[in-house]
Amino acid sequence: MPTPARIDALASRLEAPLLVTRAPNLRYLIGYTGSNGYLLVRPGGGGAFLTDGRYGESAAPLLEAFPHFDLRVYTGDLWKALGDLLAGLERVQVEAAGVTWEFARGLEEKAGVAPIPAAAGVEDLRRAKEEPELAALRTAAAAGDAAFAALGELLGRAAREADLAWELVAEMRRHGGERADWEAIVAAGPAASIPHYETGPAPLGSGLLLLDYGCVVDGYHSDMSRTVWLEGPADPLMRQVYGVVLEAEEAGIVACRPGATGHEVDEAARAVLRAAGYEEQFLHSTGHGVGLEIHEPPWLRRGNEDPLRVGDVVTVEPGVYLPGVGGVRIEDMVLVTESGPEILTGSRRELERP
Ligand code: ZN
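Residues numbered from 1 in each chain as written. Predicted model: local features only at pLDDT ≥ 70, side-chain atom pairs only at ≥ 80, totals over all residues. Heavy atoms only, no water.

1. Section: the domain arrangement of the chain
What counts here: The source of the domain bounds is an automatic or database domain assignment. By the convention used here, residues are in contact when the closest approach between their heavy atoms is within 4.5 Å. A simple way to read buried area is as the amount of 1.4 Å-probe accessible surface that goes missing from two parts once joined, with both sides added. Here a salt bridge means any side-chain nitrogen of Lys or Arg lying within 4 Å of a carboxyl oxygen belonging to Asp or Glu. Definition of a polar contact: a pair of N or O atoms within 3.5 Å, with one able to donate and the other able to accept a hydrogen when the atoms are protein atoms, and with sequence-neighbouring residues admitted only if both atoms are side-chain atoms. Any residue that is not Ala, Val, Leu, Ile, Met, Phe, Trp, Tyr, Cys, Pro, Asp, Glu, Lys or Arg is counted as polar, Gly included; the first ten are nonpolar and the last four charged.
Taken domain by domain, the chain consists of domain 1 (4-126) and domain 2 (131-343). Taking the mean C-alpha position of each, domain 1 and domain 2 sit 35 Å from one another. In this assembly, eight residues from domain 1 lie in contact with nine residues from domain 2. Here domain 1 meets domain 2 over a buried area of about 720 Å², counting both sides, of which 38% is carbon and sulfur. Contact with domain 2 buries surface across domain 1, with Arg27, Asp124 and Arg126 losing the most and accounting together for 56% of the total. Applying the counting criterion to the domain 1 and domain 2 interface returns five salt bridges. Notably, a salt bridge pairs Glu296 with Arg126, separated by 2.7 Å at the nearest N-O pair. Taken together, the connections running from domain 1 to domain 2 amount to five residue pairs in polar contact (both at pLDDT 80 or more). Broken down by class, the residue content of the side of domain 1 that touches domain 2 amounts to two nonpolar, no polar and six charged.

2. Observations concerning the pairing of strand 15 (residues 319-322)
What counts here: Relative accessibility thresholds used throughout: buried, under 20% of the residue-type maximum; exposed, over 50%; partly exposed, between the two (1.4 Å probe, protein chains only). A run of DSSP states H or I qualifies as a helix once it reaches four residues; a run of E qualifies as a strand once it reaches two. Both are numbered from the N-terminal end. Two strands qualify as a pair provided that DSSP identifies no fewer than 2 bridges between them.
The alternating pattern of strand 15 places Gly319 and Tyr321 on one face and Val320 and Leu322 on the opposite face, and all of these are buried. Bridge count for strand 15 against strand 16 (residues 326-329) is four bridges, and the pairing is antiparallel. Counterpart to Gly319 in the pairing with strand 16 is Arg329. With antiparallel pairing between neighbouring strands as the criterion, strand 15 and strand 16 make up a hairpin whose turn holds three residues, including Gly324 at a positive phi of roughly 80 degrees.

3. Details of the nonpolar core
What counts, and what does not: Nonpolar cores were defined as sets of buried Ala, Val, Leu, Ile, Met, Phe, Trp, Tyr and Cys residues, with membership established by side-chain atoms within 4.5 Å.
Ranked by internal contacts, the top residues of the largest apolar core, which has 60 residues, are Leu39, Leu164 and Leu209. Shared between two domains, this core holds at least three residues of each, these being domain 1 (4-126) and domain 2 (131-343). Every residue in contact with Leu39, bar those within four places of it in the chain, is listed here: Ile7, Leu18, Leu19, Val20, Leu26, Leu29, Ile30, Ala48, Phe49 and Phe69. Within the second largest apolar cluster, 26 residues are counted, among which are Ala187, Tyr197, Leu210 and Ala234.

4. Here we look at the pattern of salt bridges
A complete count under the given rule lists 31 salt bridges for this structure. In this structure, the salt-bridge partner of Arg226 is Asp332, at a minimum N-O distance of 2.9 Å. Of this pair, Arg226 sits in strand 11 (residues 224-229) while Asp332 is found in strand 17 (residues 332-337), placing the two residues 106 residues apart along the sequence. The pair formed by Arg226 and Asp332 is uniform in burial state, with each residue classed as buried. Across the salt bridge formed by Glu267 and Arg274, the nearest N and O atoms sit 2.8 Å from each other.

5. Overview of the coordination of the zinc ion
The condition that has to hold: Ligating atoms shown are N, O and S within 2.8 Å of the metal, or 3.2 Å for Na, K and Ca, and water is not included, meaning a site may look less than complete. Only four donors with every angle between 85 and 135 degrees are called tetrahedral; only four or six donors with opposite donors over 155 degrees apart and all others between 65 and 115 are called square planar or octahedral, in that order; all others are irregular.
The zinc ion binds to the protein through Asp223 (OD), His288 (NE2), Glu317 (OE) and Glu331 (OE), with metal-donor distances spanning 2.1 to 2.3 Å. Coordination at the zinc ion is irregular, judged from the four donor atoms that bind it and the angles of 79 to 148 degrees they form at the metal. Between the donor residues of the zinc ion, the gaps in sequence give the motif D-x64-H-x28-E-x13-E. With Asp223 in the loop between strand 10 (220-221) and strand 11 and Glu317 in the loop between strand 14 (313-316) and strand 15, the pair connects residues that are 94 residues apart, well separated along the chain. Grouping residues by exposure puts Asp223 and Glu317 together as buried.

6. Regarding the packing of aromatic side chains
Quick note on the threshold: Aromatic pairing here means that ring centres of Phe, Tyr or Trp (its six-membered ring) are within 6.5 Å. Orientation follows from the plane angle: under 30 degrees is stacked, over 60 is edge-to-face, and everything else is tilted. The rule is short: NZ of Lys or CZ of Arg within 6 Å of the ring centre and within 35 degrees of the ring normal puts a charge over the ring.
Taken as a whole and assessed by the stated rule, the structure comprises four aromatic pairs. A ring pair is formed by Tyr32 and Phe49, whose centres lie 4.8 Å apart and whose planes are at 65 degrees; its orientation type is edge-to-face. Of this pair, Tyr32 sits in the loop between helix 2 (23-30) and strand 2 (37-41) while Phe49 sits in strand 3 (residues 47-52), and the two are 17 residues apart along the sequence. The pair Tyr32 / Phe49 is uniform in exposure class, with both members buried. Ring-pair connections join several aromatic residues into one group, and the members of that group are Tyr32, Phe49 and Tyr55. The lysine or arginine in question, Arg105, covers the ring of Trp101, its NZ or CZ lying 5.9 Å from the ring centre.

7. A few points about the side chain of Ser193
For Ser193, the position within the fold is in the loop between strand 7 (185-188) and strand 8 (208-213). Those residues within four positions of Ser193 in sequence are excluded, and the remaining contacts are Tyr321, Leu322, Pro323, Gly324, Gly326 and Gly327.

8. Remarks on the sheet that holds strand 2
Heads up, the rule is: Note on geometry: axes are lines fitted to C-alpha atoms, helical ones only across the stretch in contact, with angles between N-to-C directions running from 0 to 180 degrees.
On the basis of which strands lie adjacent, the open sheet formed by six strands has the order 4-3-2-1-5-6 and mixed pairing. Looking at which strands have only one partner, the edges of the open sheet turn out to be strand 4 (69-74) and strand 6 (114-118). The average undirected angle you get between the axes of adjacent strands in this sheet is 25 degrees. Pairing geometry for strand 5 (residues 91-95) and strand 6, over five bridges, is parallel. From the neighbouring strand, Val92 faces strand 6, where its bridge partner is Pro115. Along the sheet face, helix 2 touches strand 1 (18-20), strand 2, strand 3 and strand 5 and points at about 60 degrees away from the line of strand 2.

9. A short note on the sheet that holds strand 8
Taken in spatial order, the three strands make up an open sheet running 7-8-11, and their pairing is antiparallel. Edge strands, defined here as strands with exactly one partner in the open sheet, are strand 7 and strand 11. Across this sheet, the average inter-strand angle for adjacent strands is 10 degrees, counted without regard to direction. As judged from the four bridges shared by strand 7 and strand 8, these two strands associate in the antiparallel manner. Of the residues in strand 8, the one forming a bridge with Ala188 is Leu209. Relative to strand 7, helix 9 (residues 161-174) is tilted by about 140 degrees, and along the sheet it contacts strand 7 and strand 8.

This is the structure:
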């Protein structure tokens, strides 16, 4: 998927050389998926990519698509290799949210180049999803939908939360999901009141069940949540809460238009919960971008004045959590288009289980 156009777009924004080290950014720019890489991009274009002996052979064909970048492979001292890569530079921008204190000190003290913190340059470029990226996101979202549609069958093979989490991942793999890089959240009964509950050996029971899960296709993540009632008539309080959360989610989705700020989308969902008296029980923000990372910009939260753009893919996921009783979260993935929101996840949204 990566093309020189992405690096050219980054280079045209730079005022000083940038050392890209964050794994999703290296994947986005040059298709590199190893665990150790340093891509130097100079303002206006050109640079070099440094990795260690474990990855040299697999990086070589990737770099062929980028004639203005040489491949350098080190087998000895990292700091010496970085000193050579950055030779002649007094300062280099580093990804402030992606390097450790130790790395920044090492650059200065051992490689002799002063690090300066860079804002989220590559993350910002990554927001505008291109067609092949959207295809991967759609496949990942569809795999999540397929697992939800099979819930009745999966429940027949799982008696405990962790077993169902495993079955959800296995079902997504049967539908094109390559892996899940986070554990599915499966929270039964009152446990659903903990937004990021740690799924374990608890029995699934016969009442409330909250599921939050996703998979990865070509590096791109899916993320969805559904809340269902397993057997018999649902608890009236949970049914009422479900209706409110669903209305909040729909308001949030409708608000996902180009130009709407993260704050405005959050407020659209939050206002519904507030009117129903549940704002205090909404314990997180309304949503987040999703792509090469499960959580990435833009952020749909209070105070974020950054506007949505065409090509953003975000989650909308309001929830209401009642300690000791249970909780409801409904989450979908939404593509922001010229004409408004397009929902990428398509699972039905009803409290009755499929
Ligand atoms: Zn999410």
